[in-house]
Every structure is written in structure tokens, then in C-alpha cells.
Amino acid sequence: MDCEHARIALTAQVLGILERAERDGLRAHLDQCSSCRCEREELLGVLPLLDTVMPYELDGVPTPDPARAIEAARRAAADRD
């Protein structure tokens, strides 16, 4: 599994919807790739924020771009430091 595929799988993993076959491949990739391990930690940090969004707040909101969301989370973390 390459990093691009792993990043897509990471999102499914942290949401708990990753298929079993993919899970094993991702685990093997994460064992070897510190960059993707860091990205996984960042995604896990976003999960608690999702619990604060109320469904009615999403009406009319365009589907987010995952790359932009990750970058925004990184900027927010950097601003906190």
C-alpha cells in the first residue's frame, strides 16, 4: 500500500468503517511509515470535534475537501503551539 492509498484508508479506519482486508494492509503500511502514522494521529484528534456538530448545522453546507480539512487542522494545531 502506498501513502496515497493509506491516507484514504486512514479516514475509513478512524471512522470505524475500514474493511478487514484493507485494515491489514494499512496496519503493515503504518508499521513502516512515520508520516502516515502522524497523519493518523491528526485525524484521531479531529474525531472529538465531529461530536460537537449538530446535524441541523450541516444543512446547506458543501461537502468538505478532506485535504483542506487536514491542512486546516494542522494550522490550528500549529497556532496552539
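Procedures and definitions
- Residues numbered from 1 in each chain as written.
- Predicted model: local features only at pLDDT ≥ 70, side-chain atom pairs only at ≥ 80, totals over all residues.
- Heavy atoms only, no water.
- Helix = DSSP H or I, 4+ residues; strand = E, 2+ residues; numbered from the N terminus.
- Buried < 20%, exposed > 50% of the residue type's maximum accessible area, 1.4 Å probe, protein only.
- Contact = heavy atoms within 4.5 Å.
- Areas by Shrake-Rupley, 256 points an atom, 1.4 Å probe, with all protein chains shown as cover.
- Salt bridge = Lys/Arg side-chain N within 4 Å of Asp/Glu carboxyl O.
- Axes fitted to C-alpha atoms, helices over the stretch in contact; angles between N-to-C directions.
- Parallel < 35°, antiparallel > 145°, perpendicular 65-115°, else oblique.
- Left-handed = near helix turned anticlockwise from the far one by under 90°.
- Nonpolar A, V, L, I, M, F, W, Y, C, P; charged D, E, K, R; others polar.
- Core = buried A, V, L, I, M, F, W, Y, C linked by side-chain atoms within 4.5 Å.

Draft legend 1. Just the overall build of the chain, in detail. Assigned secondary structure in the chain consists of 4 helices and 0 strands. When the elements of the chain are put in sequence order from the N terminus, they spell out α-α-α-α. Looking at the chain residue by residue over its 81 residues, the buried ones come to 17%. Within the chain, residue pairs in contact and separated by at least 24 positions form 62% of the contacts whose partners lie at least 6 positions apart. When the accessible surface of the chain is summed, it comes to about 6,300 Å², and 55% of that surface belongs to carbon and sulfur atoms.

Draft legend 2. Examining the pattern of salt bridges more closely. Under the criterion given, the structure shown has 6 salt bridges. In this structure, the salt-bridge partner of E42 is R74, at a minimum N-O distance of 2.8 Å. Of this pair, E42 sits in helix α3 (residues 34-50) while R74 sits in helix α4 (residues 66-80); the two residues are 32 residues apart in sequence, bridging distant segments of the chain. Overlapping salt bridges, with partners in common, bring together R7, E39, E42 and R74 in one network.

Draft legend 3. Fine view of the packing of helix α1 (residues 3-14) against α3. At their nearest, the axes of α1 and α3 sit 10 Å apart, and the two run at 30° to each other. Put simply, α1 runs roughly parallel to α3. Considering how the two elements wind past one another, α1 and α3 form a crossing that is right-handed. Between α1 and α3, the contacting residues are C3, A6, R7, L10, T11, Q13 and V14 on the first element and S35, C36, E39, R40, L43, L44 and L47 on the second. Residue composition of the contact of α1 with α3, by class: 8 nonpolar, 3 polar and 3 charged.

Draft legend 4. Just the nonpolar core, in detail. A6, A9, L10, A12, V14, L18, L26, L30, C33, C36, L43 and I70 form the largest nonpolar core, which has 12 residues in total. Listing elements by their share of this core, those giving two or more residues are α1, α2 (20-32) and α3. At 5 residues, the largest contribution of residues to this core is made by α1.

Draft legend 5. Summary view of the side chain of H29. Inspection of the secondary structure puts H29 in helix α2. Taking the relative accessible area as the measure of exposure, H29 reaches 11% and is therefore buried. With near-sequence residues (within four places) excluded, H29 lies in contact with M1, D2, C3, A6 and C36.

Draft legend 6. Structural context of the packing of α1 against α2. Contact geometry for α1 and α2: axes closest at 10 Å, N-to-C directions at 120°. Judged by the inter-axis angle, α1 sits oblique to α2. The two elements α1 and α2 cross, and the hand of that crossing is left-handed. Counted together, C3, H5, A6, A9, L10 and Q13 of α1 and E22, L26, H29 and L30 of α2 form the full contact between these two elements. In terms of residue class, the contact of α1 with α2 is built from 6 nonpolar, 3 polar and 1 charged.

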